[in-house]
Amino acid sequence: MATDETRLPVEFLATLAAGADPGSAAAGMAAEQARGMADSRQGGPLLAALLARPYRDSAPSWLLEAAVANGLRQSESEYEYLTGSTSLVVLALVHPDCDPALRADALRRCSDRRLSSLGTADRPADLCTAVAGELLRRVPQPPDMTPELLKEPTPAQVVLRTGRLHDAVFEAAVALLPDGPDHAQLEDEDSGAWSKRIRKAFDAWGRMWSAVLERHPDRHSQLIAMTADTSASRVVRDQLLGSVPWTVEPALLRQLALDDLSRFGAAMLTVRICGFLQDGSSKEEARKQFAAELAVLEETDRRDIEFLYLRDDGFGCDWGAGSAVSWVRNAADGRWRLILNPAEARPAYGDPHTWRSDPDELADLGRLFAETAVQALRTWKPKELYGISTASDLRWVRDMLVHLPELTPAVEATVRLVIRDARRDRSGPQSYDYQSQEDRRQFDELLDAITRIVADPAPQPPATRRTALGTPEEVTVRSLSAVTAEVLDAYLERHAGDDALVEKALLSFAWHGHRSEPAFASVLARHSDQRHAVHRLTRELRRRLGGNPSNRDAWAREILALPDCPSETILALPAWTALKARGHRYDSTHPTVIALVEAALGDDPQAWQRFADSPISNSGPNAWLRLGDILTAAADGTAWPKPPGPR
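Residues numbered from 1 in each chain as written. Predicted model: local features only at pLDDT ≥ 70, side-chain atom pairs only at ≥ 80, totals over all residues. Heavy atoms only, no water.

Draft legend 1. Up close: the overall build of the protein. Helix and strand content of the protein: 40 helices and 0 strands. Over its C-alpha atoms the protein spans a radius of gyration of 37 Å, topping by over 25% the 26 Å that the globule rule assigns to 647 residues. Oriented by its inertia axes, the alpha-carbon framework of the protein measures out at about 115 × 70 × 40 Å. The buried share of the protein, reckoned over its 647 residues, is 47%. Looking at the protein as shown, the accessible area adds up to about 32,600 Å², and 50% of this sits on carbon and sulfur atoms. (Helix = DSSP H or I, 4+ residues; strand = E, 2+ residues; numbered from the N terminus. Rg over C-alpha atoms; globule rule 2.2 N^0.38 Å. Buried < 20%, exposed > 50% of the residue type's maximum accessible area, 1.4 Å probe, protein only. Areas by Shrake-Rupley, 256 points an atom, 1.4 Å probe, with all protein chains shown as cover.)

Draft legend 2. Highlighting helix α40 (residues 627-636). All of the buried residues along α40 are L627, G628, I630, L631, A633 and A634. Count one or two residues on from α40 and you reach G637, which has phi positive near 75°.

Draft legend 3. The arrangement of the packing of helix α1 (residues 10-19) against helix α3 (residues 44-52) in detail. Taken N-terminus to C-terminus, the directions of α1 and α3 make an angle of 5°; their axes are 8 Å apart at the nearest point. Put simply, α1 runs roughly parallel to α3. Between α1, through L13, A14, A17 and A18, and α3, the contact on the second element is made entirely by P45, L46, A49 and L50. Here the contact of α1 with α3 is composed, by residue class, of 8 nonpolar, no polar and no charged. (Axes fitted to C-alpha atoms, helices over the stretch in contact; angles between N-to-C directions. Parallel < 35°, antiparallel > 145°, perpendicular 65-115°, else oblique. Contact = heavy atoms within 4.5 Å. Nonpolar A, V, L, I, M, F, W, Y, C, P; charged D, E, K, R; others polar.)

Draft legend 4. Summary view of the confidence of the model for the protein. Here the protein averages 88 in pLDDT, while 90% of its residues score no lower than 70. Every residue in residues 186-191 is under pLDDT 50, and counting partners more than four places away or in other chains gives 5 contacts. (pLDDT = per-residue confidence, 0-100.)

Draft legend 5. Layout of a positive patch on the surface. A contiguous patch of positive charge on the surface is contributed by K151, K196, R199 and K200. Of the residues forming the positive patch, the biggest block, 3 residues, is contributed by helix α14 (residues 196-215). Judged by its relative accessible area of 56%, K196 is exposed. (Patch = residues over 30% accessible without salt bridge, like charges linked within 9 Å, V, L, I, M, F, W, Y side chains within 5 Å. Salt bridge = Lys/Arg side-chain N within 4 Å of Asp/Glu carboxyl O. Lys, Arg positive; Asp, Glu negative; His and termini not counted. Charge placed at Lys NZ, Arg CZ, Asp CG, Glu CD.)

Draft legend 6. Structural detail: the nonpolar core. Counting 180 residues, the largest nonpolar core has W209, W336, M400, V415, W555, V597 and F611 as its most contacted members. The biggest single contributor to this core is helix α25 (residues 359-377), with 9 residues. Apart from the residues within four sequence positions on either side, V415 is in contact with L377, V397, M400, L401, I450 and V454. Formed by 13 residues, the second largest nonpolar core is a distinct cluster that contains A266, I273, C274 and I305. (Core = buried A, V, L, I, M, F, W, Y, C linked by side-chain atoms within 4.5 Å.)

Draft legend 7. Here's a closer look at the pattern of salt bridges. The tally for this structure, following the rule as stated, stands at 35 salt bridges. E445 is the salt-bridge partner of R441, the closest N and O atoms lying 2.7 Å from each other. Separated by 4 residues within a single helix, R441 and E445 lie in helix α28 (residues 434-455), roughly one turn from each other. Overall, the relative accessible area of 46% leaves E445 in the partly exposed class. The network of salt bridges with shared partners includes R254, E361, D364, R367 and E371.

Draft legend 8. A look at the side chain of R552. Here R552 is to be found in helix α35 (residues 549-560). Within the buried set, R552 has no salt-bridge partner at all; the shortest N-O distance to an opposite charge, 5.9 Å, is to D553.

Draft legend 9. Region of the structure containing the packing of aromatic side chains. As enumerated under the stated definition, the model contains 8 aromatic pairs in all. Considering the side-chain rings of F276 and F290, the 5.5 Å spacing of their centres and the 90° angle between planes classify their relative orientation as edge-to-face. With F276 in helix α18 (residues 264-278) and F290 in the loop between α19 (283-289) and α20 (291-295), this pair connects stretches of sequence that are 14 residues apart. Measuring from centroid to centroid gives 5.2 Å for W336 and F369, while their planes differ by 35°, and the two rings are tilted. (Phe/Tyr/Trp six-rings, centres within 6.5 Å; stacked < 30°, edge-to-face > 60°.)

Draft legend 10. Highlighting the environment of W555. Structurally, W555 is set in helix α35. In sequence terms W555 and L541 are 14 residues apart; their C-alpha atoms lie 9.0 Å from each other. In this view, W555 contacts L506, L507, A510, F520, V534, L537, T538, L541 and L573; residues no more than four positions away in its chain are not counted. For W555, the side chain forms a polar contact with the side chain of T538, separated by 3.1 Å. (Polar contact = N/O pair within 3.5 Å; in protein donor to acceptor, adjacent residues only side chain to side chain.)

Draft legend 11. Spotlight on α28. Compared with an ideal rise of 1.5 Å per residue, which puts 22 residues at 32 Å, α28 spans 32 Å between its outermost C-alpha atoms and is within 8% of the ideal. Three or more residues of α28 are buried, namely R440, F443, L446, L447, A449, I450 and V454. Positive phi shows up at D456, right after α28, with a value of about 75°. (Expected span 1.5 Å × (residues − 1).)

Draft legend 12. Region of the structure containing the environment of A343. Along the chain, A343 turns up in the loop between α24 (337-340) and α25. As for A343 and T354, which are separated by 11 residues in sequence, their C-alpha atoms are 9.6 Å apart.

Draft legend 13. Fine view of the state of the cysteines. Going through the model one piece at a time under the given rule, you end up with 0 disulfides. Distance from the sulfur of C110, which forms no disulfide, to the nearest cysteine sulfur (C98) is 12 Å. Its relative accessible area of 4% is what places C110 among the buried residues. (Disulfide = S-S within 2.5 Å.)

Draft legend 14. Region of the structure containing the packing of helix α26 (residues 392-403) against α28. It is the contact of α26 with α28, at a shortest axis distance of 9 Å, that shows an interaxial angle of 30°. With respect to the hand of their crossing, α26 and α28 are arranged in left-handed fashion. Counted together, L394, R395, V397, R398, L401 and V402 of α26 and Q442, F443, L446, L447, A449, I450, I453 and V454 of α28 form the full contact between these two elements. A per-class count over the contact of α26 with α28 returns 11 nonpolar, 1 polar and 2 charged. (Left-handed = near helix turned anticlockwise from the far one by under 90°.)

Draft legend 15. Examining unusual backbone geometry more closely. At D229, a residue that is not glycine, the phi angle is positive and equals roughly 65°. By secondary structure assignment, the location of D229 is in the loop between α15 (220-226) and α16 (233-242). Taking the relative accessible area as the measure of exposure, D229 reaches 82% and is therefore exposed. Notably, D564 is not glycine yet its phi reads approximately 60°, a positive angle. With respect to the helices and strands, D564 occurs in the loop between α35 and α36 (567-571).

Encoded structure:
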């Protein structure tokens, strides 16, 4: 569409500029039109075309400033789709004539989302370095993670939602991500050490990393290396293993799984230490007895055991005696759940995710987990007061049985005790809120599964109705446009040799808009004088077709698609319709039309300016001014033609 500042379609101007040579009359006219419409939303493609071709090496400051302002003015939902404004801003900011102050100001004005689109891998390195610097200005210091940062993310979080970032931007954004909640805060609090808010903060931190890892599957190893020896190291590994394992390269997934299973040793050591204490030994004796084994643990695991069970005010040994079972239960319910049950890895809607690891590899990882779970099963003991009560208490047992190559008598005997303990709790009081009911449903399904393992012609379409069209003299273009391809083809066949009927059928393509069958060319082939018929219909379009712009557009689309369509027929099209006729892209003009305009106006600046000032329009009588007549008047400097007569 045109704006108040230009009489020509923007699609035409942008397509013209995209092929114009520097210093040409066509480029000059397009630039003048761009200056007048620089503030409009439709001006973006024209500004981009000018900077991409005729003004690529040298551009006036107004053009660069207008490109930046226009690109940044578009709303978040439409800027990339409608005008490619990010590309427009890039063209301006990387231009050799771009002032550094303009670049810095433009980056400051960018939203976080738009800033990320300027820092992708296909952008120039200098621009991406500047984007990374702007990101650092916005986030001088990483904040501590809070639940609110999932709804109101930091600029670094927003930037990392974009895939294929330039290395400089990616590394800067990762370094500026929120840190985990302060661990000291957990220890300083008394009874509320694991408060609901702190748990939410840690959950939000994990979800944040999960989103980053899913968006950047080719950078998993890099992220592991970047977060090594930081508080984020464990959460990154756990999220790769438990939240997005289908995106992980097979060798890396296996290594992560093996590393995780190696941590089970700390849980088993906890069981042994607590058993030692339950037998009457002192905590000092336990420190000496297990000193060597504690020394080889990871610092976090060693600190947890000493803090929880070897301090005078630590937890009771009964808690620690179930550490091995707790470890496999939490793993099966969390970070191992998708590996053990790959079909559960699916979005909210649609098919399950496609895994990079093949089924045999996942099955082998499941076997390793099951063998670890057997070790935990040996430490399992029923509680005296109440039985197994939640789905997570059974899920690890079900997964162990599913993936275990062989069910030994010892394992079977213990599992039968688990079943009995679960049935003991089944008869107890129940809660009726949704979460409790859902957990009870899963609990029952898992218990039944464990028990079973241990014990071992399409309707025919309606008939097509006949269509009564009447005689060829009575039938109208509009009625022909409404029938199916089969009905139209049969009607033309019954009245073969009637050129007037064929012409009505051809015009019906304009009424129909997007008829694909029968093909326009195949209907035209029924006419005795094809070339003359198309040309005459085009010249008489106002009288024969009517005033709907979409009908004119459809007619232009059909004749431009004909092989070897004569130039005189294209020049007989309504000028506005021809200049809007779609080319290779939805927002471009047909190349044949561009070539005819350039041939008629040459490199005469005055002719191009007269053409830009022509009275053509999308509606009203001037919508019917023919392209050839307008070009002749613009080239010769004669008076503008009158529109053809109406019906």
